[in-house]
Structure formats: C-alpha cells, structure tokens
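Survey of secondary and tertiary structure
Each chain, letter by letter, is given below.
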Amino acid sequence: MSTSMIDLRSDTVTKPTAAMRRAMAEAEVGDDVIGVDPTVARLQERIAEMLGKEAAVYMPSGSMTNQIAVRVHCKPGDEFICDAGCHIYNYEQAAYASLSGVAVRTVQGEFGVFQPADVEDLVRPDNEHCVRTRLLTLENTHNRASGRIQPYDNLVALCDWARSQGLATHLDGARLFNAAVASGVSLSDWAQHFDTVSVCFSKGLGAPVGSALAGPAELIREARRHRKAFGGGMRQAGIIAAGALYGLEHHVERLAEDHEHAQILANAIRTADGLELRPEEVDTNIVIFRVDPALVTAVGFTAALKDRGVDCLSVGKDLVRLVTHLDVTREQIMRGAEIIVNTIDEIRAGTLDASGAGTQY
Ligand SMILES: *Cc1c(COP(=O)(O)O)cnc(C)c1O
C-alpha cells in the first residue's frame, strides 16, 4: 500500500498486483454479450469445473449473481427463506422485492447458523391464500457472523430438507474460497448440495471486478437472459475476467495466510480488557469484536484507531469488524494488533478521551 495506514476495512479494498495487471493487459477479448470473449469463456468454464457445476456465467457483482439466482428460482409473488443476518437480505437493498417481486421469510440463526428444526414449519401450505415458498439460501462463509464456516453436516441436512420440500437451493459463496481453504472441504463438496452457487473474485482473490453464478446449464442460460435485462451484459469483459482467472490460479491457497493473520488479531483481542470476540471463535479472515459500551462506542473506537493508523469499520453500536486480505502484510498485522490493544488500554486508563466521538453507526 502506498500509505502506512493498515487497511482492515474489507477484503474488497485490494488492488490488482503487477502480475495480475499484466495478465489483464494481455487478455484476449471479444464481445461477451454475443458470447465470443474467449477469456470470459475460460473463466466461466474454470469456475464451473471447480464448483462441479455444468455451467457458470460471469457478472459484475455478487449482488447481481445473488439477485439473479433468486430470479431464476422464483416467480413474482413467490417467497424464499434465508438467515436474518445474510447479505441477500441486509445488503442488497431488497432487490429481490424491487426488481423481481419476490418476498422473503427470514430465520433468526445463531451467528449465521440455523437448524432444520428452525425452518421445518416455514414452507407454506399449497392453497390459494398463501404465497409459494420456492427457495432456501445459505451463506458460506457468513459475513456478519465473522466469516464463520457453516457446519458441514448441518448444511447438508438443511439442503436435504429443502429438496424434500421441493425447494430450490442457492449458496451465497462470496467467500466460499475462504471456507474451502480453511475447512479442507473442497469447493465442489460444498457446492454439490446446492442448485446454484455464487462466488466473488473481488474479495479474497484480489481481482478488481466480478462474480460468477454456477449451476445447471439450463438455469445458467436463463440467468444470462436476466443478466442482460439487469444491465449486466458486458462487452470486452475479458480484460476484467483475466484478473479473476489470475486470482483463481494464484490467490486461492494463500488465503491461509489471511486466516493466520485473523488469528493473530483475534488472539490480541482475547488479551484485551474491554474487547470481546463475537463470536468467540474466528474461522477465516473476518474478526468481529464488541467494545465495552461503558468505555467507548464502536464509532469512537474506530475513530481512535484510525488516528493511530488502523482503518476498520464499526458494524453495530458496539461492534467493530476487521478483515484480513492480500494487501496487508504480517508486519502490519502485528503492528495493528498492538495498536488495537494499546488503544483500548489507554481508553480504559482514561488517558485517551474517545467518549465524544460519535454515537451512531
Ligand atoms: C461481498 C458480498 C456479496 C457481494 O457484494 P457486492 O457488493 O455486490 O460485491 C455477496 N454476499 C456476501 C456474503 C458478501 O460478503
């Protein structure tokens, strides 16, 4: 990074490496709206193969892959079931409602995880008073639950239940690469339980743009139609697809380093009086912790950290999130951990007044 700021806001802040930029500059391209960009085609084939699906389609964002998944599985007036803390429900402007006329039924999971028993009564009866329940979505890793990996057997049980009810299944796998590297369960092992899976290349893999939706060829053809209507058809997209392909080839295994870095931060937070991990265990590259509200608000704490060279986000009145990624070094992580502990120590000792800084998030 060009400044000394330790940027832990998100794994989306990464910039393409020199080698990735070279691959992008040299990419063979064509008009992908008419399906003749060879680099996009290679990316789609490669990610479909990695996920064990028949086909995949490249799109500008994970919000688009998720929303188009909802669109291919549901008709206007249908309903889907998801966790109340998930990205599709919280961070995509209810586009399932505004763009597709689809309703949602949320389940209150515990740190992003719910059980078959929590959903078994949620499928509506087949009569003309009721909305039709069509789809179950899960998120792995779970963003708001601190990058938590879904417990595998539970995920299989939920998908089996969904199938037994005639529901389609979609996995929001924006960070499925992190789940695969950290768990040792392969991408295709996770993906096989779902009809469709979306993944992001612009998070941990460090590519500048793009996501893919993978699934059966017929559904992906349908998704391509919706992509055009949603304004996501891109012409010489091989330029950006080459960055995604480079990330797939070179930046997957190294996610283990981001996970180690998250453990270093988590261990520092465990030692700090006034900070508490939420949840207690950190599975991948996201660390969420609670600051003791008697000492400081989350906004006050992040402002104090920024003054000291650590940039991160408040994600609740008393919750702060740190995300490790390709563009933070081990040395920065060690320094960042120290700054976090020292800052709460100073606030507790009363030598740093962070009380006036912000009460909202
Ligand atoms: C980042 C993310 C997405 C996609 O968000 P975009 O802003 O559209 O890239 C989808 N799901 C989860 C869980 C995410 O973290």
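Let us look at the structure shown here. Note that this is a predicted model, so its numbers are computed, not measured.

Criteria and thresholds
For every chain, the first residue of its written sequence is number 1, and the numbers climb from 1 along that sequence. Only residues with pLDDT of at least 70 get local features here, since the model is predicted, and only at 80 or more are side-chain atom pairs given and counted; chain-wide, interface and lining totals rely on the full set of residues. The side-chain quantities take in all heavy atoms of the structure and omit both hydrogens and water. Note on pairing: DSSP must find at least two bridges between two strands before they are called paired. Note on conventions: DSSP H or I runs of at least 4 residues are helices, E runs of at least 2 residues are strands, and numbering of each starts at the N terminus. Each axis is a line fitted through C-alpha atoms, and for a helix only the stretch in contact is used; angles between axes span 0 to 180 degrees, taken between their N-to-C directions. Every residue pair with non-hydrogen atoms within 4.5 Å of one another is taken to be in contact. Stacked, edge-to-face and tilted labels apply to pairs of Phe, Tyr and Trp rings (six-membered ring for Trp) whose centres lie within 6.5 Å, assigned for plane angles under 30 degrees, over 60, and everything in between, in that order. For every residue, the accessible area (1.4 Å probe, protein chains only) is compared with the maximum for its type, and the residue is labelled buried under 20%, exposed over 50%, or partly exposed between those bounds. In this text, near means that some heavy atom of the residue lies within 4 Å of the molecule or strand in question. Polar contact is the term for a pair of N or O atoms within 3.5 Å; when the atoms are in protein, one must be able to donate a hydrogen and the other to accept it, and sequence-neighboring residues count only if both atoms are side-chain atoms. Using a 1.4 Å probe, the Shrake-Rupley method yields the accessible areas, and only the shown protein chains count as cover for residues. Only Asp, Glu, Lys and Arg are considered charged in this grouping, and only Ala, Val, Leu, Ile, Met, Phe, Trp, Tyr, Cys and Pro are considered nonpolar; every other residue, Gly among them, is considered polar.

Moving on, we get to the sheet that holds strand β12 (residues 313–316). Pairing is antiparallel in the open sheet, where four strands are placed in the order β9-β10-β13-β12. Looking at the sheet topology across the chains shown, the edges are occupied by β9 (275–277) and β12. Averaged over all pairs of adjacent strands, the angle between their axes in this sheet comes to 35°, without regard to strand direction. In this structure, β9 lies alongside strand β10 (residues 286–291), joined through three bridges in antiparallel fashion. Across the sheet, the residue bridging to Leu-275 is Val-291, located in β10. Seen against the sheet, helix α13 (residues 298–307) touches β9, β10, β12 and β13 (319–323) and runs at an angle of roughly 170° to β12.

Our focus in this paragraph is the packing of aromatic side chains. Any aromatic ring pair is given by two values, namely how distant the centres are and how the planes are angled relative to each other. All chains considered together, the criterion is met by four aromatic pairs. A ring pair is formed by Tyr-152 and Trp-190, whose centres lie 5.2 Å apart and whose planes are at 65°; its orientation type is edge-to-face. Of this pair, Tyr-152 sits in helix α7 (residues 152–164) while Trp-190 sits in helix α9 (residues 187–191), and the two are 38 residues apart along the sequence. In this structure Tyr-152 comes out as partly exposed when scored by relative accessible area, which is 26%. Ring plane angle 85° and centroid distance 6.1 Å describe the contact between Phe-289 and Phe-301, whose orientation is recorded as edge-to-face.

The subject of this paragraph is the site of the ligand. Within the structure, the ligand sits among Ser-61, Gly-62, Ser-63, Asn-66, His-87, Glu-92, Glu-139, Asn-143, Asp-172, Ala-174, Arg-175 and Lys-203. Note that an oxygen atom of the ligand is positioned 3.4 Å from one of the backbone N or O atoms of Gly-62. The separation between an oxygen atom of the ligand and a polar side-chain atom of Lys-203 is 3.0 Å. In the complex, 82% of the free accessible area of the ligand, which totals 380 Å², lies under the protein chains. For the shell around the ligand, the element with the most residues is helix α3 (residues 62–73), which contributes three residues. Per-class residue counts for the shell around the ligand are one nonpolar, six polar and five charged.

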